[in-house]
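What follows is each chain in one-letter form.
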Amino acid sequence: MRQAGRSLPEYRKIREGVGMLESCRRPDLVTEITLQPVRRHDVDAAIFFSDIVVPIAAAGIDLDIVAGTGPVVAEPIRAESDLARLRPLVPADVDFVTEAIRLLVAELGATPLIGFAGAPFTLASYLIEGGPSRTYLKTKAMMYGAPDLWNALLARLADITLTFLRVQVDAGVSAVQLFDSWAGALSEADYRRHVMPHSAKVLTGLIDAGVPRIHFGVGTGVLLEAMGEAGADVVGVDWRTPLDEATRRIGPDRAVQGNLDPAILFAGWETVERETRRVLAQGRAAPGHVFNLGHGVMPETDPEILTRLVALVHEVSGS
Ligand SMILES: Cc1c2[nH]c(c1CCC(=O)O)Cc1[nH]c(c(CCC(=O)O)c1C)Cc1[nH]c(c(CCC(=O)O)c1C)Cc1[nH]c(c(C)c1CCC(=O)O)C2
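Residues numbered from 1 in each chain as written. Predicted model: local features only at pLDDT ≥ 70, side-chain atom pairs only at ≥ 80, totals over all residues.

A.B. asks: Teacher, can you tell me more about the overall build of the protein chain here?
C.D. replies: Scanning the protein chain for helices and strands turns up 13 helices and 9 strands. A compact globule built from 319 residues would reach a C-alpha radius of gyration of about 20 Å, and the protein chain, at 19 Å, matches this within 12%. C-alpha atoms of the protein chain, sized along the principal axes, occupy 55 × 45 × 35 Å. Across the 319 residues in the protein chain, those meeting the buried criterion constitute 44%. (Helix = DSSP H or I, 4+ residues; strand = E, 2+ residues; numbered from the N terminus. Rg over C-alpha atoms; globule rule 2.2 N^0.38 Å. Buried ≥ 20, exposed ≤ 12 C-beta atoms within 10 Å, placed from the backbone.)

A.B. asks: Would you mind going over the packing of helix α6 (residues 120-129) against helix α7 (residues 137-145) with me for this structure?
C.D. replies: The angle between the axes and the distance between the axes are what describe a pair of packed helices. Relative orientation of the contacting elements α6 and α7 amounts to 105°, with a least axis distance of 8 Å. Comparing their axes, α7 and α6 come out roughly perpendicular. Packed against α6, whose contacting residues are Ala124, Ser125, Ile128 and Glu129, the element α7 presents Lys138, Thr139 and Met142 at the interface. In terms of residue class, the contact of α6 with α7 is built from 3 nonpolar, 2 polar and 2 charged. (Axes fitted to C-alpha atoms, helices over the stretch in contact; angles between N-to-C directions. Parallel < 35°, antiparallel > 145°, perpendicular 65-115°, else oblique. Contact = placed C-beta atoms within 7 Å. Nonpolar A, V, L, I, M, F, W, Y, C, P; charged D, E, K, R; others polar.)

A.B. asks: Before we go on, may I ask you to explain the nonpolar core in this structure?
C.D. replies: Soluble globular proteins: nonpolar side chains tend toward being buried together. Counting residues in hydrophobic clusters, the biggest one holds 87 residues, and the most contacted among them are Ile56 and Ala183. Examining the composition of this core, we find that 10 residues originate from one element, helix α8 (residues 147-171), more than from any other. Sequence-distant contacts of Ala183, defined by excluding residues within four places in its chain, comprise Ala119, Phe121, Thr122, Tyr191, Val195, Gly217, Thr220 and Leu223. (Core = buried A, V, L, I, M, F, W, Y, C linked by C-beta atoms within 7 Å.)

A.B. asks: How should I be thinking about the pairing of strand β9 (residues 289-293) in this particular structure?
C.D. replies: Consecutive side chains along a regular strand alternate between the two faces of the sheet. Counting buried positions along β9 gives 4 out of 5 residues, so the element sits mostly inside the fold. In terms of strand pairing, strand β8 (residues 255-260) meets β9 through 5 bridges, oriented parallel. Within β9, the residue paired with Asn259 across the bridge is Asn292. Tracing the backbone out of β8, into helix α12 (residues 269-283) and back to the parallel element β9 gives a crossover that is right-handed. (Pairing = 2+ DSSP bridges. Right-handed = clockwise from strand over helix to strand, strands pointing away.)

A.B. asks: Help me understand the sheet that holds strand β7 (residues 234-236), please; the structure alone is not making it clear to me.
C.D. replies: Either a parallel or an antiparallel arrangement is found when strands of a sheet pair, and the pairing is made through backbone hydrogen bonds. On the basis of which strands lie adjacent, the open sheet formed by 7 strands has the order β1-β4-β5-β6-β7-β8-β9 and parallel pairing. With partners counted over all chains shown, the strands left at the sheet margins are β1 (46-47) and β9, one partner each. Here 2 bridges tie β1 to strand β4 (residues 113-118), and the two strands are oriented parallel to one another. The residue of β4 that forms the bridge with Ile47 is Ile114. Across the sheet, α8 lies against β4 and β5 (175-179), angled at about 170° from β4, the strand it touches most.

A.B. asks: What is the right way to look at the UniProt feature "binding site: substrate" (unreviewed entry) in the protein chain in this model?
C.D. replies: According to UniProt, the "binding site: substrate" (unreviewed entry) feature falls on Arg2, Gln3, Ala4, Gly5, Arg6, Asp51, Tyr126, Ser181 and His295. With respect to the helices and strands, the residue Ser181 is situated in the loop between β5 and α9 (188-204). When residues no more than four places from it in sequence are discounted, the contact partners of Ser181 are Thr122, Gly217 and Val218. (UniProt positions renumbered as here; feature names shortened; annotations may be inferred.)

A.B. asks: What is the right way to read α9 from this model?
C.D. replies: The α-helix winds at 3.6 residues per turn, so residues separated by three or four positions along the chain end up facing the same way. For α9, built from 17 residues, the straight-helix expectation of 24 Å at 1.5 Å per residue is missed by more than 12%, its first-to-last C-alpha distance being only 20 Å. At Val195, α9 shows its maximal kink, close to 55°; a proline, Pro197, follows between one and four residues later. Among all positions in α9, only Tyr191, Val195, Met196, His198, Ser199, Val202 and Leu203 are buried. In this structure, the buried side of α9 is in contact with α6, α8, β5, β6 (213-216) and α10 (224-229). (Expected span 1.5 Å × (residues − 1). Bend = angle between axes of the 7 residues up to and from the residue.)

Structural data, given as structure tokens:
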């Protein structure tokens, strides 16, 4: 469950006075924070504590992660001459990630560790807008109006992302997740034309790594088929599309991940139980189902509900 840690008092305590990016660069903190939700909730896998902007900061971009806002880029990328500020990533740039993963794999024992990275489109949206956006106006203006610059930027981001995920696989993660959180802003035709080739380069570039590849997005109902075709073993689905319907779109060759609405965790246990049973039942239509929320855990979520939710999923699925 992404950002599950944010709802935990032990997370808020350990992060006191430490900036988000700084905490991502400290292997001792990364290890402890990654383990916190595993200890508390008995989830079946750990998700590596980091952020999608960590590799682009390591590749030369001046940025910060502002609490309550998200990533903010000091000088956005808007022109060809800005591209040089985004250098290729070399593994030594993210030695702290290698070290944290090694420590974690040793601590986790049989519990798998899921590594991740942001997909080229979602990373580009932060670099071009300069921060979070609701409309992706500048991003889309470049995509439609300056396709050469767009493709050059996304190609650089795909290379950085592939290197970053390779580093994680080499250090010992058991699966990788590519987060294209904001790809749902696009039509299927535009996704296939302007974005999918770059994401496919990342995902197919990892085939020989031999670990499952999860491809995640939000509001991607019309993109599910294409996101699978891009080279995923598992396609993330948000709460807007029931998992049986999602499987009809994605096809029988790929598993699904999802898709409880994180807001349901605020509606009382009876509702949580009913909706969780529904999600698990609809997930049986797929050849495999990774139970998850449809998006990240809200910071205000009651941790007790999350613990109960995990126990319920274990009980119903017999695992
Ligand atoms: C779009 C995106 C980002 N980051 C991420 C995505 C893709 C997944 C998604 O769609 O949720 C991915 C991410 N970010 C983080 C993780 C680590 C896993 C985990 O903690 O469970 C993961 C997998 C830590 C984080 N990343 C962030 C936090 C919270 C900041 C903090 O604790 O200070 C954490 C734990 C900050 C962040 N970083 C980003 C946003 C939108 C925010 C939230 C801003 C806010 O509401 O405070 C960019």
